[in-house]
Amino acid sequence: MLEHPGDWTRTDYCGELRSEDIGRDVVLMGWVQSNRDHGGVIFIDLRDREGLVQVVFSPQVSGAVHEKAGALRDEWVIAVRGKVTSRSPETVNKNLPTGEIEVVAGEVRILNTSKVIPFLIEDDINVDELLRLRHRYLDLRRPFMRDNIITRHKTVTATRNFLNGAGFLEIETPYLTRSTPEGARDFLVPSRLNPGEFYALPQSPQLLKQTLMVSGFDRYYQIVRCFRDEDLRADRQPEFTQIDLEMSFVREDDIMNVVEGILKSIFSEAAGIEIETPFPRMKYDEAMLRYGSDKPDTRFGLELEDISGIFRDSQFQVFSCALKKGGIIKALNLKGRAGDLSRKEIDDLGEAAKSLGAKGLAWIRVSDGEWQSPILKVFSDQEKEDLKNALRLEDGDIVFFAADTPHIVNMVLSHIRLELGEKLGLIDHGRFNFLWVEEFPLLDYDPAEKRYVAMHHPFTSPREEDIHLLDEADKSGIRSRAYDVVLNGVEIGGGSIRIYRKDVQEKLFKAIGLTDEEARAKFGFLLEALEFGAPPHGGIALGLDRIVMLITGADSIRDVIAFPKTQKGACPLTEAPSPVDTAQLLELGIKLDVKEKKK
RNA sequence: GGAGCCGUAGUUCAGUCCGGUUAGAACGCUGGCCUGUCAAGCCAGAGGUCGCGGGUUCGAGUCCCGUCGGCUCCGCCA
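Here the structure is a predicted model, which is why all the values come from computation and not from measurement. (Residues numbered from 1 in each chain as written. Chains lettered and ligands numbered in written order. Predicted model: local features only at pLDDT ≥ 70, side-chain atom pairs only at ≥ 80, totals over all residues. Heavy atoms only, no water.)

Visitor: Give me the lowdown on the state of the cysteines, citing residues and values where you can.
Guide: This structure, assessed with the given rule, holds zero disulfides. Cysteine Cys 571 is unpaired, with the sulfur of Cys 226 as its nearest cysteine sulfur at 20 Å. (Disulfide = S-S within 2.5 Å.)

This is the structure we're talking about:
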């Protein structure tokens, strides 16, 4: 029954035929999307990368061809030779770009059959993701997924075009490199030629791109795979792609200009969206204060308010104790929307807060001038008055409070803010709000290790006027020259102006508790390079997967990666990772010490 | 490492709270009918290790314990 394509040459993509093509003889090849057999006339929707076209098989044209068409099933691969004809006005399909025409088949060749597919090749299916990943080749036939992959291609193309035009050189760096202890856990690759030693896959080409600046390449970029052996999230995969760049003799503004240019070009060319530049900027401290997050979604208000001052001497132990331990109290006033939340929904928010680590989520609802709240009794009259003024409380408002460490309060309330924003439709999903977040703290105190750690990475430059603070005991106030670019509450990139002087670099290593020897052992080659005429330089890395996710409206970066991993880091299609032969391990000098996994 | 949700025909789900005859529905699939549909329609049919293991019970999809897997989040992570 199967036939070869023979001497047929495809003339057109199914999805590209239009009324201009009426009268042409065409040869199409593609997949049977659906099959509508009326006993007499048979309609086939034929699909390829560019879309669908209706093919008509009529017994009047050819009895044999019509009979063959009757055997066709979904997802079979066929070649059709026929004539493009116009549809009569009442049979035009306005939902299809090809809906004004159809192809009347004169001949058909069945090139391949298909087993019955496990899920429909359509958008808006609701199928277990495991099944989609196991049959990814089918999942990628769905228009949404196909378009995502195409948008990704356009994004990469736009980026290359822009950067090439801006004087950047694309330079590759090795994937087999050395392990660097700071930052994420490395993926390791054993070295057969050096038994007992390992390469590491790069978490990012950070050190090497800085080295390229010392080499004098001036402007580098790379669209590069990075690897981090950490737990997965909806926006985090163990391997992901960065638009990585570095520039010499620049300040923050120079990098930001380039990034704005890249993003403008990406949005225009991959999505047909013209975005406004320059992007607004916000200091880290302000972002944390107003949104409780270093990546605020600025598409809606509902900002946090710090009301710690009101409860400094409160009788309410939960609040005053939190403050005495160095905590804070913040509130979210959902103005005028109290009526939109049922008691159950309020309780659910409380449960969500608890699962995030809060002890609870207090609330006050104002209706008809009355305050309703489980904790109403504990407030003094003065506190009520202060609250009313601070939060501008009015009828119809509902306020949520959290009192805890700054980290918990900000984390919990920023989550609640996003959940309320989504639930109550405060977010305009058609908007793209870009934001630069700048002046991150340089260092973060790690109570577990009792030392400061670099918040970004240890090559990030402090602000020039803050360098002297590296010698002080309290290093928490040192501001860095790091910046993040945030889109709709998603961090899509981060970078910094780097340290280029040995003396500053040494001070910083000292500040994070690294001895000279340790620093040499870990980053030796870069430190040495910095001693041979390193230019001032800086750069950034943009998360390609996240950018494409936001452009396409995907819920997860898995939907913009052709072959992603599950939360356990597995690929259901290839069944990676997998055990290997003992012989392979022997060759590498590796002996396993793993608890036997029950199968 | 931790919290939550989920796992029942090919697929999506109902049934699980409150154990009891032959586990249902829709879509898909198979066969038949049908000459203008486009989520085609009508008729008929097939299709189940209720994720896996153990326990309680006269009896388990349903209750208990464990385990595997998927998703979301915290921790972790540019």
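Visitor: Go over the protein's contact with RNA strand B, please, and point to the residues and values.
Guide: The immediate surroundings of RNA strand B are formed by 47 residues, with Gln 60, Thr 91, Glu 102, Arg 228 and His 456 found nearest. For RNA strand B, the backbone makes up 52% of the atoms found within 4 Å of the protein, where backbone means sugar plus phosphate. Taking Pro 118, its main chain carries an N or O atom lying 3.3 Å from a sugar or linking oxygen of RNA strand B. Put simply, the parts of the chain that give the surface near RNA strand B at least two residues each are strand S1 (25-37), strand S2 (42-48), helix H2 (129-134) and helix H11 (406-423). Split into classes, the residues belonging to the surface near RNA strand B amount to eleven nonpolar, 17 polar and 19 charged. (Near = heavy atom within 4 Å. Polar contact = N/O pair within 3.5 Å; in protein donor to acceptor, adjacent residues only side chain to side chain. Helix = DSSP H or I, 4+ residues; strand = E, 2+ residues; numbered from the N terminus. Nonpolar A, V, L, I, M, F, W, Y, C, P; charged D, E, K, R; others polar.)

Visitor: Could you give me a rundown of the sheet that holds strand S20 (residues 482-487), with the residues and numbers involved?
Guide: What the eight strands build is an open sheet, ordered S6-S9-S10-S22-S21-S20-S17-S11; its pairing is mixed. Pairing within the sheet leaves two strands with one partner each, and these edge strands are strand S6 (169-170) and strand S11 (281-283). In this structure, S20 lies alongside strand S21 (residues 490-497), joined through six bridges in antiparallel fashion. The residue of S21 that forms the bridge with Val 486 is Glu 491. Sheet contacts for helix H5 (residues 206-214): strand S9 (219-227), strand S10 (239-248) and strand S22 (537-543); angle to S10, the most-contacted strand, approximately 25°. (Pairing = 2+ DSSP bridges. Contact = heavy atoms within 4.5 Å. Axes fitted to C-alpha atoms, helices over the stretch in contact; angles between N-to-C directions.)

Visitor: I'd like to hear about the packing of helix H4 (residues 143-165) against helix H6 (residues 252-271), residue by residue, with values.
Guide: Between H4 and H6, whose axes approach to 8 Å, the crossing angle comes to 140°. The orientation of H4 with respect to H6, classified from their angle, is oblique. By crossing handedness, the relation of H4 to H6 is classed as right-handed. Note on element contacts: H6 touches H4 through Val 258, Gly 261, Ile 262, Ser 265, Ile 266, Glu 269 and Ala 270, opposite Thr 151, Lys 154, Thr 155, Ala 158, Thr 159, Asn 161, Phe 162 and Leu 163. For the contact of H4 with H6, a count of residues per class yields seven nonpolar, six polar and two charged. (Parallel < 35°, antiparallel > 145°, perpendicular 65-115°, else oblique. Left-handed = near helix turned anticlockwise from the far one by under 90°.)

Visitor: Just give me the short version of the domain arrangement of chain A, but keep the residues and values in it.
Guide: Domain assignment breaks chain A into domain 1 (14-112), domain 2 (150-282 + 541-599), domain 3 (300-427) and domain 4 (440-480 + 501-534). Each of domain 2 and domain 3 has a C-alpha centre, and the two are 39 Å apart. (Domains from an automatic or database assignment.)

Visitor: Please set out the sheet that holds strand S3 (residues 51-57) residue by residue, giving values where relevant.
Guide: Strand order in this closed barrel of five strands is S1-S2-S3-S5-S4, and the pairing throughout is mixed. Across the sheet, the mean angle from the axis of one strand to that of its neighbour is 55°, orientation sign disregarded. Here seven bridges tie S2 to S3, and the two strands are oriented antiparallel to one another. For Leu 46, the partnering residue across the bridge sits in S3 and is Val 53. The strands touched by helix H1 (residues 63-70) within the sheet are S1, S2, S3 and strand S5 (101-112), with S5 carrying the most contacts at an inclination of about 70°.

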